[in-house]
Amino acid sequence: MTLEIVQLRAGDSGADIVPAIGGGIAAWWSGAGPDRRDWLRPATPEALAAGDPLGLGNFPLTPFSNRIREGRFRFQGRQVQLPLNTSERHQLHGHGWQRPWSVLERSATRCVLVDDYAADSWPFPYRARQEFTLTPGGFDLVIAVENTGDRPMPAGLGQHLYFPRTPQTTVTAGIERMWVNDAEVMPLELVEPPPEKDLRRGFRPEAVRTDNSFTGWDHRAVIDWPERRARLVMEADAPLDFLVCYAPDDPYVCVEPVSNSTDAFNLAEAGRTDTGVAVLQPGDVLRGAVRLRPEVVA
């Protein structure tokens, strides 16, 4: 079966969307031939053939971001137990990234995808929606979750963006605090970030491994690639008030604008009021926009 790729083109820029692989982005670039610059990590043919969202340049986070401890939480007196969806013992990233999405609208420069989720172990039906708009000067992403059920629903959302990493890459963002994690990347304590992970100073993902959530994000981040004479400015709107930075051993760095902290539902149930959990009444919509603007540096 042939994989459907929605091809967006604007000027010398292109983006390839793969609805069947979690509604993700397979590539976004400008230029051609030796002048091509990939602004997101391009998916390999192997990742596309395997249908692996973890090999894409981005996938959506719906109806929450990051981990839920052991897939279990309580909401308004109701116990929810989710199946574990990776090799971890915690539920990771919700549903959207592992489901096929449907194309609702498409044109040369824009497409809209939707994912209608029926209640199951996640007992809240919802519609997730993504909008992708490509221009010669950038790429705009909108993600939304609508409560289509008849009872309140907890929710969060975000974008899991993968950027190429070079030895001199830096990530800079205005933040306030950082969640320290345990060995399973679950939150322990909210602290002042150590100097080597302080995004305000310019974080070097080649030098330091990290997988942390940052609070107090001012909705702007800059990824610099000095060797490529290029940078990218990311701007987002509320409720995308948290920023996750993930730098593993592999040659990429994830900079993820999200609306909730890790294990937000359980932290909120325990009494924290700074987790970003949204409570959607029937018909309510949670929506977040991200604007990506690449720049070539002289």
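Our structure's up above, just so we're on the same page.
So, here is what we can say about the structure in this document. The shown structure was predicted, so the numbers you read here are calculated from the model rather than taken from an experiment.

The number of helices and strands found in the protein is 2 helices and 25 strands. A compact globule built from 298 residues should have a C-alpha radius of gyration of about 19 Å, and the protein, at 18 Å, falls within 12% of that. Once the C-alpha set of the protein is aligned to its principal axes, its extents read approximately 60 × 45 × 30 Å. Across the 298 residues in the protein, those meeting the buried criterion constitute 55%. Surface accessibility of the protein: about 12100 Å² in total, with carbon and sulfur atoms responsible for 50%.

Below, the discussion takes up the layout of surface pockets. Leftover empty space is mapped by rolling, across the atoms, a probe with the size of a water molecule. Size it by volume and the largest pocket reaches roughly 290 Å³. Forming the boundary of the largest pocket are 16 residues, of which R67, E88, L92, H93 and Y246 lie nearest the centre. Listed by contribution, the elements that provide at least two residues to the lining of the largest pocket are β15 (158-164), β22 (242-247) and β23 (252-258). Residues that form the lining of the largest pocket fall into these classes: 7 nonpolar, 5 polar and 4 charged.

The residue after T62, namely P63, is reached through a cis peptide bond having omega 0 degrees. Residue P239 is reached from A238 by a cis peptide bond, and omega for that bond is 15 degrees. Along the polypeptide, P239 turns up in the loop between β21 (230-236) and β22. In this structure, H93 takes a positive phi of about 70 degrees despite not being glycine. As for its placement among the helices and strands, H93 is situated in the loop between β9 (91-92) and β10 (102-106). What makes H93 buried here is its relative accessible area of 6%. The phi torsion at V185 lies on the positive side, around 60 degrees, for a residue other than glycine.

Further remarks concern the environment of R165. Considering the arrangement of structural elements, one finds R165 in the loop between β15 and β16 (170-173). Using a relative accessible area of 10% as the deciding quantity, one classes R165 as buried. Note: C-alpha distance between R165 and T109 (56 residues apart in sequence) is 27 Å. Once you skip the residues sitting within four places of it in the chain, R165 turns out to touch P205, E206, R209, A247, P248, D249, D250, P251, Y252 and V253. Among the polar contacts listed, one links the side chain of R165 to the backbone oxygen of D250, at a separation of 2.9 Å. Among the polar contacts listed, one links the side chain of R165 to the backbone oxygen of Y252, at a separation of 3.0 Å.

This paragraph deals with the packing of aromatic side chains. Within this structure, the stated rule accounts for 16 aromatic pairs. Taking the centre distance of 6.1 Å and the plane angle of 55 degrees together, the rings of F59 and Y162 count as tilted. One end of the pair, F59, is in strand β5 (residues 58-61); the other, Y162, is in strand β15, with 103 residues separating them in the sequence. Among the aromatic side chains, those forming a connected cluster through ring pairs are F64, F73, F75, W122, F124 and F265.

The antiparallel open sheet is built from 8 strands, whose spatial order is β10-β11-β12-β13-β25-β21-β20-β16. Looking at which strands have only one partner, the edges of the open sheet turn out to be β10 and β16. With strand direction ignored, the average angle separating the axes of adjacent strands in the sheet is 15 degrees. Relative to β21, strand β20 (residues 220-225) is paired through 6 bridges, and the arrangement is antiparallel. Residue pairing across strands places A221 opposite M234, the latter belonging to β21.

This part takes up the nonpolar core. Across soluble globular proteins, nonpolar side chains show a tendency to be buried alongside one another. Counting residues in hydrophobic clusters, the biggest one holds 63 residues, and the most contacted among them are W122, F139, F163 and M234. Those residues within four positions of M234 in sequence are excluded, and the remaining contacts are L161, F163, W217, H219, R220, A221, V255, P257, V290, R291 and L292. Formed by 9 residues, the second largest nonpolar core is a distinct cluster that contains F59, L61, F242 and C254.

Criteria and thresholds
Residues numbered from 1 in each chain as written. Predicted model: local features only at pLDDT ≥ 70, side-chain atom pairs only at ≥ 80, totals over all residues. Heavy atoms only, no water. Helix = DSSP H or I, 4+ residues; strand = E, 2+ residues; numbered from the N terminus. Rg over C-alpha atoms; globule rule 2.2 N^0.38 Å. Buried < 20%, exposed > 50% of the residue type's maximum accessible area, 1.4 Å probe, protein only. Areas by Shrake-Rupley, 256 points an atom, 1.4 Å probe, with all protein chains shown as cover. 1 Å grid on protein atoms, 1.4 Å probe; cavity = no way out; pocket = protein on both sides within 12 Å on 5 of 7 lines; lining within 4 Å. Points joined across faces, edges and corners; volume = space filled by probe spheres on them. Nonpolar A, V, L, I, M, F, W, Y, C, P; charged D, E, K, R; others polar. Contact = heavy atoms within 4.5 Å. Polar contact = N/O pair within 3.5 Å; in protein donor to acceptor, adjacent residues only side chain to side chain. Phe/Tyr/Trp six-rings, centres within 6.5 Å; stacked < 30°, edge-to-face > 60°. Pairing = 2+ DSSP bridges. Axes fitted to C-alpha atoms, helices over the stretch in contact; angles between N-to-C directions. Core = buried A, V, L, I, M, F, W, Y, C linked by side-chain atoms within 4.5 Å.

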